[in-house]
Amino acid sequence: MTLRYERGPSRSPLVAAAEVAAYGEPSPPSRHTDAELAALIGLLTGRIQTVVVGHGRDDASRTAARAFAAAWQRPGREIITTVDWPETAASWLRSARRLTAPAPDAWVVVAAPLGFAQLSRRLRYSTGWDPRRTFAFASLHDARLPALAGPETVCGLRGATADGGFWEIRPR
């Protein structure tokens, strides 16, 4: 997926209500599929050993994070920690620091696009997070994510689709 956006960067983690209204509020995450989970594991297998799992606090995100953790547990693979975050917060700094402090090989995320857009802004401008080392479930395969976060904030983020395909946010 190649997406184009005209919006400039914002250093605030908060997405303005006018921006949400302009792009339309993204839907909450749907339940993950077996094909999606297998594709995500496939993206990571062979080059990644340690991951930090991050997820929103909705039921679908929690369930997908637990399913990933169960599927990832094999010799030579480790989940360093699991971090959740609220859909709305004052700054997301605590969650961002908890996600990045362990310095994993990669991050695996599942969340609603609006909550992750705001968290990703905090991650990008306040930590050493790299979206190119971040892999996501299909819930973040939404054109509104880079529109709300700023395309430069999430450029390189990639993940699996519900049918077992792949997606990536690329530069303009």
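Numbering of residues begins from 1 in every chain and follows the order in which that chain's sequence is written. Selection of residues for local features in this predicted model requires a pLDDT of at least 70, selection of side-chain atom pairs for listing and counting requires 80 or more, and totals for whole chains, interfaces and linings are taken over all residues. Hydrogens and water molecules were not included; the side-chain quantities draw on all heavy atoms of the structure.

Draft legend 1. Spotlight on the nonpolar core. Nonpolar cores were defined as sets of buried Ala, Val, Leu, Ile, Met, Phe, Trp, Tyr and Cys residues, with membership established by side-chain atoms within 4.5 Å. A simple rule labels every residue: compare its accessible area, found with a 1.4 Å probe on the protein chains alone, to the largest value its type can have, and call it buried under 20%, exposed over 50%, or partly exposed in between. Counting 24 residues, the largest nonpolar core has Trp-85, Leu-99, Phe-116, Leu-119 and Leu-157 as the members making the most contacts within it. Secondary structure elements are defined from DSSP: runs of H or I of at least 4 residues count as helices, runs of E of at least 2 residues count as strands, and each element is numbered from the N terminus. Mapped onto this core, the elements with two or more residues apiece are strand E2 (78-85), helix H4 (93-100), strand E3 (106-110), helix H5 (113-126) and helix H6 (144-149). Top element by residues in this core is H5. It accounts for five residues. Only heavy atoms enter the contact rule, under which two residues are in contact if any of them lie within 4.5 Å. Those residues in contact with Phe-116 that lie beyond four places of it in its chain are Trp-85, Val-109, Ala-111, Leu-123, Trp-129, Leu-140, Leu-145, Val-154 and Leu-157. Grouped together as the second largest cluster of nonpolar side chains are 20 residues, Ile-41, Ile-48, Ala-64 and Ala-160 included.

Draft legend 2. Examining the sheet that holds E3 more closely. A strand pair is defined by DSSP finding two or more bridges across the two strands. Taken together, the six strands give an open sheet; going across it, the order is E2-E1-E3-E4-E5-E6, and neighbouring strands pair in mixed fashion. The open sheet terminates on both sides in strands that have one partner only, identified here as E2 and strand E6 (166-168). When the angles between neighbouring strand axes are averaged without regard to direction, this sheet yields 25 degrees. Bridge count between strand E1 (residues 50-56) and E3: five bridges; the pairing is parallel. Residue pairing in the sheet places His-55 in a bridge with Val-110 of E3. Fitted lines through C-alpha atoms give the axes, limited to the stretch in contact for helices. The angle between two N-to-C directions lies from 0 to 180 degrees.

Draft legend 3. A look at the pairing of E1. With respect to burial, E1 is a largely interior element, seven of its seven residues being buried. Judged by which residues are buried, E1 turns out to be covered on both faces: Thr-50, Val-52, Gly-54 and Gly-56 on one side and Val-51, Val-53 and His-55 on the other are all buried. Where E1 lies against E2, seven bridges are found, and the strand directions are parallel. Looking at E2, one finds that Val-51 is bridged to Ile-79. The crossover handedness rule: strands pointing away from the viewer, path from first strand over the helix to second strand clockwise, crossover right-handed. Running through helix H3 (residues 59-72), the crossover from E1 to the neighbouring parallel element E2 is right-handed.

Draft legend 4. Structural context of the packing of H4 against H5. Here H4 crosses H5 at 65 degrees, and the two axes come no closer than 9 Å. Here H4 runs over H5; the crossing is right-handed. Across the interface between the two elements, Leu-93, Ser-95, Ala-96, Leu-99 and Thr-100 from H4 touch Leu-119, Arg-122, Leu-123 and Ser-126 from H5. In this count, Pro and Cys sit with the nonpolar residues alongside Ala, Val, Leu, Ile, Met, Phe, Trp and Tyr, while Asp, Glu, Lys and Arg are called charged and the others, Gly among them, polar. When its residues are assigned to classes, the contact of H4 with H5 shows five nonpolar, three polar and one charged. Left-handed describes a crossing whose near helix is turned anticlockwise from the far helix through less than a right angle; right-handed describes the clockwise counterpart.

Just distances and angles here, no functional claims.
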